[in-house]
Amino acid sequence: MATTTILILIVFLAGYILIALEHPLHIDKTASALLTGVLTWAIFAIGANYGGFSIDWEHTFDQLGILYQSGEDVSHYVESLLGHFLIDISYIVFFLLGAMTIVELVDMHDGFAVITSRIQTTNKRKVLWMIAILTFFLSAVLDNLTTSIVMISLLRKLISDRELRLYFAGMVIISANSGGAWSPIGDITTTMLWIGEQITVIPTVRDIIIPSLVSMIVPLLLLSRAKVMQGDFPPTKIAADYKTTQYERTVLLVLGVACLLFVPVFKTVTHLPPYVGMLFGLTVLWFTTEFIHKSKAVEEKSHYSVLHALTKIDTPSVLFFLGILSAVACLESIGLLHALAHWLDVTINNNTIVVILIGILSAIVDNVPLVAASMGMYPIDAIGSGSEFVQDGFFWQFVAYCAGTGGSMLIIGSAAGVAVMGIEKIDFIWYFRKFCLLAFAGYIAGALTYLGYYALFY
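The paragraphs below set out a description of the structure included in this document. (Residues numbered from 1 in each chain as written. Predicted model: local features only at pLDDT ≥ 70, side-chain atom pairs only at ≥ 80, totals over all residues. Heavy atoms only, no water.)

### Side note on the overall build of the protein chain
Across its full length, the protein chain holds 22 helices and zero strands. A fraction of 77% describes how many contacts in the protein chain between residues 6 or more apart in sequence connect residues 24 or more apart. Of the roughly 19,900 Å² of accessible surface on the protein chain, 67% is carried by carbon and sulfur atoms. (Helix = DSSP H or I, 4+ residues; strand = E, 2+ residues; numbered from the N terminus. Contact = heavy atoms within 4.5 Å. Areas by Shrake-Rupley, 256 points an atom, 1.4 Å probe, with all protein chains shown as cover.)

Printed below as a string of C-alpha cells:
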C-alpha cells in the first residue's frame, strides 16, 4: 500500500475518532467531518501530482463512468474525480435542504400538532410501538432520510423530556433503515440495485419485507422491556393560543406530507434525481404560504415564510454530510473500498458471510460505495443459470437487506442516523452504548430470517 494511501486512511480514522469523541473533546462533529474531507482530498491531490500514487487513471475513470482524456495534467484527473463525486453528494445535500425546510415550514405552522393532539396515550411502550411501526412503513413510501426528519419533528412536539426522547430517536433510526431496505425507493442502496437491474420491485418487497420487519421488531421488543420504557411520560402541553388557524395547520400538514410522498412519484415519472422532486415540493409550499398569508402584515407574514424556515434548519448537519461523504468518496477514488470488497471476496470465499460483513462495514463507512463495489465486481447472470447473481437472486437481495439495515449499528452509519444526530445532538458514544447491540441483534435476526426464507422457498 502506497505511503499516501496509508496517510489518507490515517486521516480518515483520526477524523472518525474526533467525530466519535465530539462531546468529551468539545469539538463539533461538523468541523471534524469537514476537515477530514478537505485533508483526504488535499493529500490525494498532492500525492497524485508528486508520484505518491500509481493509478491507472483510464481504468479508474471507466469504472466510475467518467470520460477519460489522455494527456491531461494529473491535477485535472483529481479535480474530475472530485467533481464526479460532488455531483452525487450535492444530490443528497439539496435533498436534505429541501426536506428539512418542508418539515420546518410544517412545524412553524404548528402542523404536527394536528397529529400529536390526537395521540391520547402517554404510555411509553405504546407510543414507542406506534412511532416505530409508523416509521417503518413511512420510510418505504418516502425514504429513510426524509422519514427520520419527519418523525423526529413529531417526537419533539410529543415528548418534552430530551433524555427520554433520545431513546425514541434511536428506535426511529433503526425503524427507518429497516423500512427503507425492502422498498426500491426507501434506501439509496436499494435504489441503486433497482436502477442497476440487480433487483426488481415485486420480488424485492415480497422477499425482504419480513426480514426487514424482524430487524426492527427484535430491538423494539428489547427496548420495550428496558426500565426507561416503564410507565408514562408527562403529557405535552398543547398550546391553546396558536397563532395559526386550524385551516392553516391542516393545509400545511397535508400539503407538506403530500409533497414528500410525491418525491418518489416524481422520480419514477421523470427519471430525475429525487432532490429535484423535493425542490418542486418546496416551491409548491412556498407559493402556498405566500398565498395563505398574503393579507397579513409584512412582519407577521415573514415569520411563516420559506426564507424564515431556511434560517431555522440545521445547516451544520448538512455540512456534516458534505464532509463525511467527501472523505468516503476519496477512499473510493483511491480504490480502497473496492480493494476491501475484493479482499473480503477472495479471503472469505463465502458470499453469505461477505454480504453480512458488508452490512456491518456499512455502519463504519458509507454503504453506497460498498454496494457500488459489489455491483462492479459481480455481473448479473442469466435467469435460469442457477447462479446467486441472477436478477432478484440471493446475493443481490441479501445485499439490499444487509446494506440497508447494517448502518443502524452506528449513528453515522446511515443518512437517517446522521440526520437524527444533527437534529437531536445525539452523542456518538451514547448511541453506541445504548443501541449498537440492539441494532446488531435485529440485523442478525433479520439476516437469519432471510437465509431461512430463501432455503425454504428457493
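Let's pick the thread back up.
### Looking at the side chain of Ser 224
Structurally, Ser 224 can be placed in helix 11 (residues 201–224). The exposure class assigned to Ser 224 is buried, which follows from its relative accessible area of 7%. Non-local contacts of Ser 224, meaning those with residues more than four positions away in its chain, are made with Arg 125, Leu 128, Trp 129 and Met 229. (Buried < 20%, exposed > 50% of the residue type's maximum accessible area, 1.4 Å probe, protein only.)

### Section: the layout of surface pockets
Of the volumes computed, that of the second largest pocket is approximately 280 Å³. The wall of the second largest pocket is formed by 14 residues, among which Glu 104, Ser 153, Arg 156, Lys 312 and Ile 423 lie closest to the centre. If you list the elements that add at least two residues to the lining of the second largest pocket, you get helix 5 (74–108), helix 8 (144–158) and helix 21 (415–424). Of the residues in the lining of the second largest pocket, the class split is five nonpolar, two polar and seven charged. (1 Å grid on protein atoms, 1.4 Å probe; cavity = no way out; pocket = protein on both sides within 12 Å on 5 of 7 lines; lining within 4 Å. Points joined across faces, edges and corners; volume = space filled by probe spheres on them. Nonpolar A, V, L, I, M, F, W, Y, C, P; charged D, E, K, R; others polar.)

### Focus: unusual backbone geometry
Residue Asp 110 is not a glycine yet carries a positive backbone phi of 60°. As for its position among the elements, Asp 110 is in the loop between helix 5 and helix 6 (113–116). Even without being glycine, His 271 reaches a positive phi, approximately 65°. Inspection of the secondary structure puts His 271 in the loop between helix 12 (246–270) and helix 13 (274–292). Take His 271: its relative accessible area is 69%, and that puts it in the exposed class.

### Remarks on the nonpolar core
As a rule of thumb, nonpolar side chains are buried together in soluble globular proteins. Ranked by internal contacts, the top residues of the largest apolar core, which has 126 residues, are Phe 398 and Ile 412. In contact with Ile 412, not counting residues within four places along its chain, are Tyr 16, Ile 19, Phe 320, Ala 363, Val 418, Met 421 and Phe 428. (Core = buried A, V, L, I, M, F, W, Y, C linked by side-chain atoms within 4.5 Å.)

### A closer look at helix 8
With 15 residues, helix 8 ought to run about 21 Å at 1.5 Å a step, and its terminal C-alpha atoms sit 21 Å apart, in line with that. For helix 8, a buried count of 13 out of 15 residues is recorded, marking the element as mostly surrounded by other parts of the structure. (Expected span 1.5 Å × (residues − 1).)

### Considerations on the pattern of salt bridges
With the rule as written, the count across this model stands at seven salt bridges. Glu 104 is the partner of Lys 312 in a salt bridge, and the nearest nitrogen-oxygen pair spans 3.5 Å. With Lys 312 in helix 15 (residues 306–312) and Glu 104 in helix 5, this residue pair connects regions lying 208 residues apart in the sequence. The class of Glu 104 is buried, set by a relative accessible area of 14%. Here Glu 248 makes a salt bridge to Lys 296, at a shortest N to O gap of 3.1 Å. (Salt bridge = Lys/Arg side-chain N within 4 Å of Asp/Glu carboxyl O.)

### Looking at helix 17 (residues 336–348)
With 13 residues, helix 17 should reach 18 Å at 1.5 Å per residue; the first-to-last C-alpha distance of 18 Å fits that figure. One or two residues past the end of helix 17 sits Asn 349, with phi positive at roughly 55°.

### Examining the packing of helix 11 against helix 22 (residues 428–457)
The axes of two packed helices give the description: the angle between them and the distance between them. Two numbers describe how helix 11 lies on helix 22: the axes approach to 8 Å, and their chain directions differ by 150°. In the packing of helix 11 onto helix 22, the handedness of the crossing is right-handed. Of the residues in helix 22, those in contact with Arg 206, Asp 207, Ile 210, Pro 211, Val 214, Ser 215, Val 218, Pro 219, Leu 222 and Leu 223 of helix 11 are Phe 435, Leu 438, Ala 441, Gly 442, Tyr 443, Ala 445, Gly 446, Thr 449, Tyr 450 and Tyr 453. Split by residue class, the contact of helix 11 with helix 22 holds 14 nonpolar, four polar and two charged. (Axes fitted to C-alpha atoms, helices over the stretch in contact; angles between N-to-C directions. Left-handed = near helix turned anticlockwise from the far one by under 90°.)

### Focus: the packing of helix 8 against helix 21
Where helix 8 meets helix 21, the axes come as close as 8 Å, and the angle between the chain directions of the two elements is 30°. The orientation of helix 8 relative to helix 21 falls into the category roughly parallel. In the crossing of helix 8 with helix 21, the sense of the turn from one axis to the other is right-handed. Between helix 8 and helix 21, the contacting residues are Asn 144, Leu 145, Ser 148, Ile 149, Ile 152 and Arg 156 on the first element and Ala 415, Ala 416, Ala 419, Val 420, Ile 423 and Glu 424 on the second. Residue composition of the contact of helix 8 with helix 21, grouped by class: eight nonpolar, two polar and two charged. (Parallel < 35°, antiparallel > 145°, perpendicular 65-115°, else oblique.)

### Focus: a nonpolar patch on the surface
On the surface, Ile 17, Leu 21, Leu 25 and Ile 27 cluster together to form a nonpolar patch covering roughly 310 Å² of accessible area. Tracing the backbone through its elements, the reader meets Leu 21 in the loop between helix 1 (3–20) and helix 2 (22–25). Owing to a relative accessible area of 31%, Leu 21 belongs among the partly exposed residues under this scheme. (Patch = residues over 30% accessible without salt bridge, like charges linked within 9 Å, V, L, I, M, F, W, Y side chains within 5 Å.)

### Details of the packing of aromatic side chains
Throughout the structure, instances matching the rule amount to 27 aromatic pairs. Ring geometry for Trp 41 against Phe 44: centres 5.5 Å apart, planes inclined by 50°, an arrangement best described as tilted. Of this pair, Trp 41 and Phe 44 both sit in helix 3 (residues 29–49), three residues apart, which is roughly one turn of the helix. For the pair Trp 41 and Phe 44, one class covers both residues: buried. Cluster of aromatic residues (ring-pair linked, three or more members): Phe 394, Phe 398, Tyr 401, Tyr 443, Tyr 450 and Tyr 454. Across from the ring centre of Phe 320, 5.7 Å away, lies the NZ or CZ of Lys 29, which sits over that ring. (Phe/Tyr/Trp six-rings, centres within 6.5 Å; stacked < 30°, edge-to-face > 60°. Lys NZ or Arg CZ within 6 Å of the ring centre and 35° of its normal.)

### Thoughts on the side chain of Thr 190
The topology assignment puts Thr 190 in helix 10 (residues 188–195). Look at Thr 190 and you get buried, because its relative accessible area is 0%. At 3.3 Å, the side chain of Thr 190 and the backbone oxygen of Ala 181 are in polar contact. Setting aside residues no more than four positions away along its own chain, Thr 190 makes contact with Gly 180, Ala 181, Ser 183, Pro 184, Ile 199, Thr 204 and Ala 400. (Polar contact = N/O pair within 3.5 Å; in protein donor to acceptor, adjacent residues only side chain to side chain.)

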